[in-house]
Amino acid sequence: MQNLLHNLNPEQLAAVTLPQQSALILAGAGSGKTRVLTTRIAWLIQTGQVSPAGIMAVTFTNKAAKEMLTRLSAMLPISTRGMWIGTFHGLCNRFLRTHYRDAALPQAFQILDSQDQLSMIKRLLKANNVDDEKYPAKNLQYFINNAKDQGLRANKVEAYDPIERRMVELYELYDQQCQREGVVDFAELLLRSFELLQRNQPLREHYQARFKHILVDEFQDTNDLQYNLLKLLAGHGEQFGGALFAVGDDDQSIYAFRGANVGNMSAFEREFRVENLIKLEQNYRSHGHILDSANQLIANNSKRLGKNLRTDAGHGEPVRIYEASSDLEEAQWLIEEIKSLIADGASRSEIAILYRSNAQSRVIEHALFAAALPYTVYGGQRYFQRAEVKHAIAYLQLMDNPHNDSAFLRVVNFPTRGIGMRSIETLQAAAEQYRISLYAAVPYVSGKSGSSLGSFVKLVEGARFETQQLALPEMVRVVLEASGLLTHYGNEKEGADRIENLEQMVSAATHFVQEEGFGQGAPAHMGPRADAQAGEAILNQDGIEVFDADAPLPTVMSPLSAFLSHASLEAGDAQAQAGQDALQLMTVHSAKGLEFDAVFITGLEEGLFPHESSSRELDGVDEERRLMYVAITRAKKRLYMSFTQQRMLHGQTRYNMKSRFFDELPEPALKWMSPRVQAQWFGNKKNAWDDAKFSSAGSDNKIAQQITQKQTGPGWRIGESVEHAKFGEGVIVNIEGGGGNARAQINFGRAGMKVLDLSVAKLERLAR
DNA sequence: CAGGCTGCTATTTTT
DNA sequence: TAGCAGCCTG
């Protein structure tokens, strides 16, 4: 094996070879963070400092975990199977499966995805006659997840008003309901694990002693619960415990809205008395002008741990900025620019078009489509989220755990089998009365609905019996058939795609069985066994069920349970890749972690980016700035930014100022590609750019020609940019009245919206 | 129970 | 603008 450490720069080398102590690695964008993480694991194992079983490595996404495993197997000639490398949720699932009894969970507990969780909450609200105007299900869902993410059970949540008090009650009821059904939500996976480790000392000490090295990726994205879980595992302040190796970038913290707490970085530094703070500032991705822009922009944030990226690459090309007159024209410009990039030899998949919010993609997609440029939009429906797939999964869930009410309700009458609302309500009443699941309540309802419900139960039981001896893929096949799903979609006009998706589940199951190494032929054993062979379940001296590092989930779970976990925890790919070499369209958030030769950041307008609602949040604009920082640092060679004077949003035309972020970029690194384009006349909705000419990327120094303007007279126009002595730069949004008493409504961005008398106000036309 | 109608809402997203 | 959730009707 080659030397793992060659070609590392001094900082990377230092990080990789740190002694077993807590360490914080501040890893800038494109600084080789994943490399450091994986190389450190490989180095620790190769030098014999730790066995594979002594390592835990945590990521946020399955993609990142997979990436880590792939790179690791390329570096080390050992099997990565059974190593504790995965997402927080994946590892907690594994932990809870192993210790399900201690965690007070049924062995076949199932995982609710957000969709299931929401529908469960809706049911709960209905069952308790809660006014869903006052308590929208979404709010309660947020409330519950938020509490759990902070490690708070209902009895620990402080309520300050009657509404909150009621929410706390509902939170409690929700947890009880989950417990009855044998299901856990995402946050519960973590909270259960945390609580179990906290209350069970031998168990805790076992894992603390085992994991000598805990490595965490994207540490800036951890929430409070995740940090506390890590603290517990690392044995913070306790006798045992390994070293926590945290890698993160506070400048790329863009998930505060879902509970991430950047403060965990400084808390970690303080609480673990981190002496090893290493900054990876050498960037291997972007050219100089791009990096300068990122650095100067992010310098506007206070509360940074402090970091400045540098590169050995030259300045490269300037950052090109384009001002469009409308969103349509912005898209048109985009296309011209992309065409010339492609003509110059760029490959489409190396070009990304970024936007702040999904709604912005529509106009761009239209234009790309019209121009016959192939593209892929990130973030579509995931495979396991599709309705038909969820239906099939629900049947499988019922076979594995019939008390899952969400699954029950999803398919009890799908395909329709004459079980209507009334039967369900009767059943729900019975279930409520005895506090049991719907499935268990079926024998308690009589009459016609009782018998149709009874046959549904028989259907599920029959499918379970029939598939007992079958391997997972065959089991899936049988269920698709027996459930009537295939027949149902076969009779539907648009059913072909759905059937194809269902068929795909068989191959997904095949793939899963192979990937996860479920025994060929022999059904996996249910539950840990004291008489286990090497690589299977073992007991430690405290009688705690513990698994050897070589024992992956199959030992603890049936293939079906494992497959269902997989379906919840890995929603699958979003959308088949349309065309091999396609332009990449995505939000800035989903671009995190990716890189492209050329990047377009579009819609850089006040209100959009930074988004208007960010100004209402604490440190909201700072987070938007970090988002912009992420966007900029995606680009390797060429970066474009664009904004427009006029944009259609929610069916209304809006006039926004250019983003404040432009003022925070280094002028020498920029190149303004267009003169300030004259606004269109009010009411002239036809494309003003019909006869416009555009600059091309191929001819760097040409400035875009001004759009032909059919101006007929003086006076102010809507959309025009103005400068006011006191309020600064603004955009005319509306004009009322005429002649001497015309008044203009002007959007001054940060200074707000003002209505000014045009004959009085001292306004200057702003032209570039 | 399907299909149509109205009304509402509208960052960002992973697990 | 557009997508969807919830309601009503045939």
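Once a new chain begins, its residue numbering starts again from 1 and follows that chain's sequence as written. Just so you know, chain letters begin at A and ligand numbers begin at 1, following the order they were written in. Restriction of local features to residues with pLDDT of at least 70 applies here, the model being predicted, together with a cutoff of 80 or more for giving and counting side-chain atom pairs; totals for whole chains, interfaces and linings are based on all residues. As a convention, hydrogens and water are excluded, and side-chain values are obtained from all of the structure's heavy atoms.

Under an unreviewed UniProt entry, the name given to chain A is DNA 3'-5' helicase, and the source organism is Massilia eurypsychrophila. The UniProt entry for chain A carries the following comment under Sequence similarities (unreviewed entry): "Belongs to the helicase family. UvrD subfamily." UniProt positions are given in the numbering used here, feature names are shortened, and annotations may be inferred rather than shown by experiment.

A. Spatial organisation of the protein's contact with DNA strand C. Being near a molecule or strand, for a residue, means having at least one of its heavy atoms within 4 Å of it. Surveying the vicinity of DNA strand C reveals the residues Arg 362, His 650 and Gly 651. Among the atoms of DNA strand C lying within 4 Å of the protein, the sugar-phosphate backbone contributes 33%. By the criterion applied in these results, polar contacts are pairs of N or O atoms within 3.5 Å in which, for protein atoms, one can donate a hydrogen and the other can accept it, and in which residues neighboring in sequence qualify only through two side-chain atoms. Residue Arg 362 places a side-chain N or O atom 3.4 Å away from a phosphate oxygen belonging to DNA strand C.

B. Summary view of the sheet that holds strand β22 (residues 743-747). Here a strand pair is declared whenever DSSP counts at least two bridges between the two strands. Numbering of helices and strands runs from the N terminus, with a helix taken as a DSSP run of H or I at least four residues long and a strand as a DSSP run of E at least two residues long. Strand order in the open sheet made by the five strands is β23-β22-β21-β20-β24, with antiparallel pairing throughout. Each edge of the sheet is formed by a strand with only one pairing partner; in this case those strands are β23 (753-757) and β24 (763-765). For this sheet, the mean angle separating the axes of adjacent strands, direction not counted, is 45°. Alignment of β22 against β23, held across five bridges, turns out to be antiparallel. If you follow Arg 743 over to β23, its bridge partner there is Asp 757. Axis definition: a line fitted to C-alpha atoms, limited for helices to the stretch in contact. Angles are taken between N-to-C directions and run from 0 to 180 degrees.

C. Molecular detail of the domain arrangement of chain A. Taken domain by domain, chain A consists of domain 1 (10-102 + 189-282), domain 2 (112-181), domain 3 (319-381 + 574-672), domain 4 (384-516) and domain 5 (720-765). Segmentation into domains, and thus their bounds, comes from an automatic or database assignment. Between domain 2 and domain 5, the C-alpha centre-to-centre distance is 48 Å.

D. Broad picture of unusual backbone geometry. The step from Phe 414 to Pro 415 runs through a cis peptide bond, and the omega angle for that step is -5°. Residue Pro 610 follows Phe 609 across a cis peptide bond; omega there is 10°. Within the element layout of this structure, Pro 610 appears in the loop between β15 (596-601) and α25 (620-632). The backbone phi angle of Ala 104 is positive, close to 60°, even though this residue is not glycine. Considering the arrangement of structural elements, one finds Ala 104 in the loop between α4 (88-98) and β4 (110-111). At Arg 273, a position not held by glycine, the phi torsion is positive, near 45°. Following the sequence through the fold, Arg 273 ends up in the loop between α11 (263-271) and β8 (276-280).

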